[in-house]
Structure formats: structure tokens, C-alpha cells
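Letter by letter, the chains look like this.
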Amino acid sequence: MKIAIIGSGYVGLTTGACFAEVGHDVLCVDSDQAKVKSLRGGSVPFYEPGLEAMISRNAALGRLRFGESVAEAVESCLALFIAVPTPPHADGSVDLHYVEKVAREIAGSLREYRVIVDKSTVPVRTGEKVAQTIERYSKQKAEFDVVSNPEFLREGSAIADLMKPDRIVIGASSERATEIMKEVYGPFRTLMLITDLNSAELIKHASNSFLALKISYINMIAQICEASKADVLLVAEGMGLDRRIGRSFLQAGVGWGGSCFPKDVSAFIRIAEELGCDFRLLKEAASINEQQREHFLKKIREEIWLLRDKTIGLLGLAFKNNTDDTRQSVAMSLAESFLKEGAVVRAFDPKAMAKAEQALPQLQLCSRGEDVAQGADCVVVASEWEEFRDLDWLAMKKRMVSPLVFDGRNLLDREKMTAWGFSYRGVGR
């Protein structure tokens, strides 16, 4: 099938590459001419494991192309996926002007039946507004359907999430559109949930918000564990053995961040308010998330007293492992707090150094993980990169002023670190 992806950011580019991988003819469109030129040259603007090779392979086979024209996409493709940014406003509501702009561009070129698919994360009832916009601005009055097809991609494992998804949600109001979407996703061979448009839009926000709730819950449990001298890892394991609960997302740490959870939680709170519902539970989850970060900072201050003129080694800058994304990163937030209080921050991240330097040029970036320990009063683990486990910690200890480690992800082996002579501080332990 001929498919267009309008918007070549993280979601759009990954989705387009995976569609091409299973045999579809894909045109990725973006209004940024420099980005299109870069993509045609084989350069991917962000790090995602396996994506660059997949794009290169499918571009060489002629199944994946890049362009700037929405009109070309409308003319040549049956299914048009809208995957443009939906950034937050200051009040937490969603900025939908990119979505509306694309809807109007589609309307101006629409001459025969097309399926317009909302792939961007949008508030409930956005699909209705997209349909109204296309109807209003379409000169030819051609037939079309609007479908909601929310994405559930995790940065760092997005290809696996798309190629082998837990489920595919399709919110459609016509049999014709439903059948076309089934054809699009037929090669993926997984459960398809067919819903109405509004329910599909709610599923994404409801899913992400629930996962955020789960993380905030276990972080609150972690604080109780610290106060009662219990171990949150054992508590989480005991909880997770209950099949009704499950072990995933019961990982205590310094809080959730990234480009999705903070934005989606704020947006869902705002959506609920606009619908006349006070989502107090979700507000409290967001509050606990902020509190967890401050709780972690307080532990560091209690150990090393004033941060001014201290040197802190920081392992991790991306909001999680296997990505270079520093948006709403808790690691970056910690670094900013350290710097504001007068500390020197020596930092390392396997992929996010360039983006971190743009945001916080005061950071002293190191070429190796071990180098953050040079003259450090403590080392802080802020992102869960597996390679941090395998650093030469004994060599690092010799380079530190004090062998003090704050593990904000419970990544390291506590017993091993203690045996090596470190003062080890995890979360909830």
C-alpha cells in the first residue's frame, strides 16, 4: 500500500521505516527542508537502536522516500498518517496548531477518497475537529475518513514495539476505513482492537497516565521503605508476582521524565478538567514525581552538606537508556540543580552528550564513564545504561575524594559496591 507519514520526527520516522520494512511504499513528508535533505543523505536526527540501518536499507530498496510536499502525499497515497508535534502549552493543554495546519493542507489537495490517520498523541475529540477542518476547507468535497491510531513506542525499543506490538488500536467510524487500516497492519500479525474514534484517542492518554501512576506509586513505597528500613526491590518483587499487578513499571528511582509522560499526564489532567472532571489522582501522581526528585537531592545534601565548590560525577544525561533524548530528563534536572547550587558537574552519557551540552554548556563532559570520578565528592547514577554496571569502579574509587555513590536507578549491585569499599545509597533500600 502507498502510505504517507506527515511529520518526520521520532514517531513519524520510526513508523515510516517500519511500514517500509514490511513491504509498504512509504513517503515521509516534513516541512523542514534541511531535515529532508539530511534524511535523503542517510543521516537520522536522533538515536534509536537499529533505525538508521532500517532507513538506509529501505531507502536503497525504493520503499522509503522523503519529501516536503503534503500535496504530493495526498495525490499519491491512500493512507495519510499525521505524526506532527503536539507540544504542551504553559497550562498543560496541548498545542494542536501543527495538526490543524496539516488538516488544512490535506483539505486543499484532496480530490479522491483518502484515510487520514491521527498518529500524534492528541486530546479526545481531536479526530472530530480534524474531520470538520477537512470538510470545511476541502474545495473538491472528496470523500475521506479520519481514523485514530495511537502510538505506543518506547524510546530505545521503538522498532520492537512497532514490529511486535502488544496491540494495535484503530478508532474508525466506517467499515471502509477499518478495512484499509487492517491492510496496513496486516503484516504485523497481532491483536487489533477496533474502537470508535474518541475511545482510541483516550486509550493512549489513559495508558501512559496509568504507567506514570504506577511509577509514582512505587516511588512513594520507596520512601516508606527507607523510613522503615525495608528494601523496595523485595517489596516490588513481591507485588509483581501477583498477576493482577505485574512487575513492569515497579522500578523505584528518581522519577519519570522524557518527552511523553510529563506531557501526557499534564494534558490528561487538563483534558479531564475541560470535560468537567477533576482527576485528583493523576495530579497527586505528578506531585509525587516532583517530590521524589527533591527527596533524592535532599539525601545528597545530607551526606555531603553544601554542594557549593563540590565536584559531582554524573552518569547519565538522557531521560532513560538507549536514547539521546534529554527532553524533561530527570538526569538533566539533577545536573541543573547541582550547577545552581555551585557544584562542578563532570558528566558522561553514551549517546546524549551533544544535546546535553546545548542545554547546559556549564557541564564538564567526559569522554569515558570512569572519568566522571576524577576529584568527585560523590558519583550519581541518573540513567539506567547497562554499561554503567561494567565500569572500572575500583579505579574510579581511587580517583574520588570520597567513595560515595548515589544510585538513582538501583542499577548497581549494592553488595558488590559495599564490598569494594563504597558508601552506596540506592532508592528505597
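Residues numbered from 1 in each chain as written. Predicted model: local features only at pLDDT ≥ 70, side-chain atom pairs only at ≥ 80, totals over all residues. Heavy atoms only, no water.

(A) View of the overall build of the chain. If you tally the helices and strands in the chain, you get 16 helices and 14 strands. Relative to the compact-globule value of 22 Å for 429 residues, the chain shows a C-alpha radius of gyration of 23 Å, a close match. The principal-axis extent of the C-alpha atoms belonging to the chain is close to 75 × 50 × 40 Å. When burial is assessed residue by residue, the chain has 55% of its 429 residues classed as buried. Taking as baseline every contact in the chain between residues at least 6 positions apart, the subset at least 24 positions apart corresponds to 73%. Working note: accessible area of the chain is about 19300 Å², and carbon and sulfur atoms make up 51% of it. (Helix = DSSP H or I, 4+ residues; strand = E, 2+ residues; numbered from the N terminus. Rg over C-alpha atoms; globule rule 2.2 N^0.38 Å. Buried < 20%, exposed > 50% of the residue type's maximum accessible area, 1.4 Å probe, protein only. Contact = heavy atoms within 4.5 Å. Areas by Shrake-Rupley, 256 points an atom, 1.4 Å probe, with all protein chains shown as cover.)

(B) Summary view of the environment of Asp25. Looking at the secondary structure, you find Asp25 in strand β2 (residues 25-29). A relative accessible area of 23% means that Asp25 is categorised as partly exposed. Note: C-alpha distance between Asp25 and Lys139 (114 residues apart in sequence) is 28 Å. Not counting the four nearest positions on each side in its chain, Asp25 is found in contact with Met1, Lys2, Ile3, Arg63 and Arg65. Among the polar contacts listed, one links the side chain of Asp25 to the side chain of Lys2, at a separation of 3.0 Å. (Polar contact = N/O pair within 3.5 Å; in protein donor to acceptor, adjacent residues only side chain to side chain.)

(C) Spotlight on the environment of Leu213. Turning to its location among the elements, Leu213 is positioned in helix α9 (residues 197-228). Taking the C-alpha atoms as reference, Leu213 lies 9.9 Å from Trp256; in sequence the two are 43 residues apart. Setting aside its immediate chain neighbours within four residues, Leu213 contacts Leu281, Leu282 and Ala285.

(D) Local environment of the packing of helix α12 (residues 280-304) against helix α13 (residues 330-340). Interhelical geometry of α12 versus α13 gives an angle of 45° and a closest axis separation of 11 Å. In terms of orientation, α12 and α13 fall into the oblique class. In this structure, α12 meets α13 at a crossing whose hand is right-handed. Along the contact surface, α12 presents Arg293, Phe296, Leu297 and Ile300, while α13 presents Val330, Ser333, Leu334, Ser337 and Phe338. Along the lines of polarity and charge, the residues of the contact of α12 with α13 split into 6 nonpolar, 2 polar and 1 charged. (Axes fitted to C-alpha atoms, helices over the stretch in contact; angles between N-to-C directions. Parallel < 35°, antiparallel > 145°, perpendicular 65-115°, else oblique. Left-handed = near helix turned anticlockwise from the far one by under 90°. Nonpolar A, V, L, I, M, F, W, Y, C, P; charged D, E, K, R; others polar.)

(E) View of α9. In this model, α9 (32 residues) spans 47 Å end to end at C-alpha, consistent with the 46 Å of a helix rising 1.5 Å per residue. Capping of α9 at its N-terminal end is provided by Asp196; its side-chain oxygen lies 3.2 Å from the backbone amide nitrogen of Asn198. Looking at the residues trailing α9, positive phi occurs at Lys229, about 60°. (Expected span 1.5 Å × (residues − 1).)

(F) Focus on the packing of aromatic side chains. For the structure on display, the rule yields 11 aromatic pairs. Seen from their ring centres, Trp256 and Phe261 are 6.4 Å apart, and the 80° between their planes marks the pair as edge-to-face. The two residues Trp256 and Phe261 agree in class, both being buried. With 5.6 Å between their ring centres and 65° between their planes, Phe268 and Phe279 make a pair best called edge-to-face. On the criterion of sequence distance, the pair formed by Phe268 in helix α11 (residues 261-274) and Phe279 in the loop between α11 and α12 is long-range, its members being 11 residues apart. Judged by relative accessible area, which is 11%, Phe268 ranks as buried. The class of Phe279 is partly exposed, set by a relative accessible area of 24%. Grouped by ring-pair contacts, the aromatic residues Phe19, Phe81, Tyr185 and Phe188 constitute a single cluster. (Phe/Tyr/Trp six-rings, centres within 6.5 Å; stacked < 30°, edge-to-face > 60°.)

(G) Examining the layout of surface pockets more closely. Counted as a void, the largest pocket has a volume near 1400 Å³. If you trace the largest pocket, you find 50 residues lining it, with Arg154, Leu211, Phe249, Phe261 and Lys320 closest to the centre. Where the lining of the largest pocket is concerned, the elements lending two or more residues are α7 (158-163), β7 (168-171) and α9. Tallied by class, residues from the lining of the largest pocket come to 19 nonpolar, 16 polar and 15 charged. The volume enclosed by the second largest pocket comes to roughly 1200 Å³. Lining of the second largest pocket is provided by 48 residues; of these, Gly9, Val84, Pro85, Thr86 and Arg327 occupy positions nearest its centre. Elements that contribute at least two residues to the lining of the second largest pocket include exactly α1 (10-21), α5 (97-109) and α11. Of the residues assigned to the lining of the second largest pocket, the class counts are 19 nonpolar, 15 polar and 14 charged. (1 Å grid on protein atoms, 1.4 Å probe; cavity = no way out; pocket = protein on both sides within 12 Å on 5 of 7 lines; lining within 4 Å. Points joined across faces, edges and corners; volume = space filled by probe spheres on them.)

So yeah, pure geometry; function would need other evidence.
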